[in-house]
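The residues making up each chain are set out below.
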Amino acid sequence: AQTVTQSQPEMSVQEAETVTLSCTYDTSESDYYLFWYKQPPSRQMILVIRQEAYKQQNATENRFSVNFQKAAKSFSLKISDSQLGDAAMYFCAYRNTYNNNDMRFGAGTRLTVKP
Amino acid sequence: DAGITQSPRHKVTETGTPVTLRCHQTENHRYMYWYRQDPGHGLRLIHYSYGVKDTDKGEVSDGYSVSRSKTEDFLLTLESATSSQTSVYFCAISGAVDNSPLHFGNGTRLTVT
């Protein structure tokens, strides 16, 4: 079974600085999708960014970008110009193309933003 | 919120009692999911549905059953609640496209005493 590992239970960043959250995954498949979700204290799960494994170009959404290293099975999230509203739990997720009903999540990284 | 409503938002129940959580969507999506969220585990799939009356087990299905009699409703039932089922439960929906992300409801916090 595919597994997703987030090795940083907690991270902190100064407001306006840049932070990178790590994610690695284990799979034998070549086609899959990767996602980052944000969960603020409200408990709502919010999609931040997605990446298709067949695309070499790293996805970018405003201040959020990913560093996708397929050979290393690594999918890190970079947050630039961090804002207080970025404070949340962040979950990395993997979705298999062939069994796309089973999205696997990492344990999460709690990000604190210091003013 | 992508048109997903979970009810109740909070519930406290006693060990051994049956509990049903409801998920209602207004997006007419085919796929619906139940996840549980626990510290140190992220979200884990309990059951999912790929159509009316079509359901299947996920990673942590023991002790749970589901039903989907209408496209818009997906029910999760704990036949006899145990303390290990204390958790936050999320419903999610997805379109048919492979790279469709999951859209989540706001979750139900269930406490089994």
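Check the entry above for the structure.
Here the structure is a predicted model, which means the values were calculated and not measured.

Peer 1: So what exactly am I meant to see when it comes to the interface of chain B and chain A here?
Peer 2: Note on interface size: it is often stated as the accessible area lost on association of the parts. Each partner contributes residues to the interface: chain B has 27 residues there, and chain A has 22 residues. Together chain B and chain A conceal approximately 2,100 Å² of surface at their shared face, both sides included; 46% is due to carbon and sulfur atoms. Counting every contact that joins chain B to chain A gives one salt bridge. Close ionic contact of B:E59 with A:R104 constitutes a salt bridge, the shortest N to O distance being 3.5 Å. Taken together, the connections running from chain B to chain A amount to 10 residue pairs in polar contact (both at pLDDT 80 or more). Going through the elements one at a time, strand 4 (31–38), strand 5 (42–51), strand 9 (87–94) and strand 11 (108–112) of chain B are the ones with two or more residues in the side of chain B that touches chain A.

Peer 1: Any chance you could explain the environment of A:F91 here in plain terms?
Peer 2: Residues and elements named next belong to chain A. Along the chain, the position of F91 falls in strand 10 (residues 88–96). Taking the relative accessible area as the measure of exposure, F91 reaches 1% and is therefore buried. Each C-alpha atom, one on F91 and one on L21, is 9.6 Å from the other, the two residues being 70 residues apart in sequence.

Peer 1: How do you make sense of the environment of B:T111 when you look at a structure like this?
Peer 2: Residue and element names in this part refer to chain B. Looking at the element boundaries, T111 is found in strand 11. When its relative accessible area of 28% is taken as the criterion, T111 is described as partly exposed. Counting along the chain gives 84 residues from T111 to E27, while the straight-line C-alpha distance between them is 29 Å. The contacts of T111, once residues within four sequence positions are left out, are K11, V12, T13 and T86.

Cut-off values and rules
Residues numbered from 1 in each chain as written. Chains lettered and ligands numbered in written order. Predicted model: local features only at pLDDT ≥ 70, side-chain atom pairs only at ≥ 80, totals over all residues. Heavy atoms only, no water. Contact = heavy atoms within 4.5 Å. Buried area = accessible area lost by both parts, 1.4 Å probe. Salt bridge = Lys/Arg side-chain N within 4 Å of Asp/Glu carboxyl O. Polar contact = N/O pair within 3.5 Å; in protein donor to acceptor, adjacent residues only side chain to side chain. Helix = DSSP H or I, 4+ residues; strand = E, 2+ residues; numbered from the N terminus. Buried < 20%, exposed > 50% of the residue type's maximum accessible area, 1.4 Å probe, protein only.

Read these as layout, nothing more, since geometry by itself doesn't imply function.
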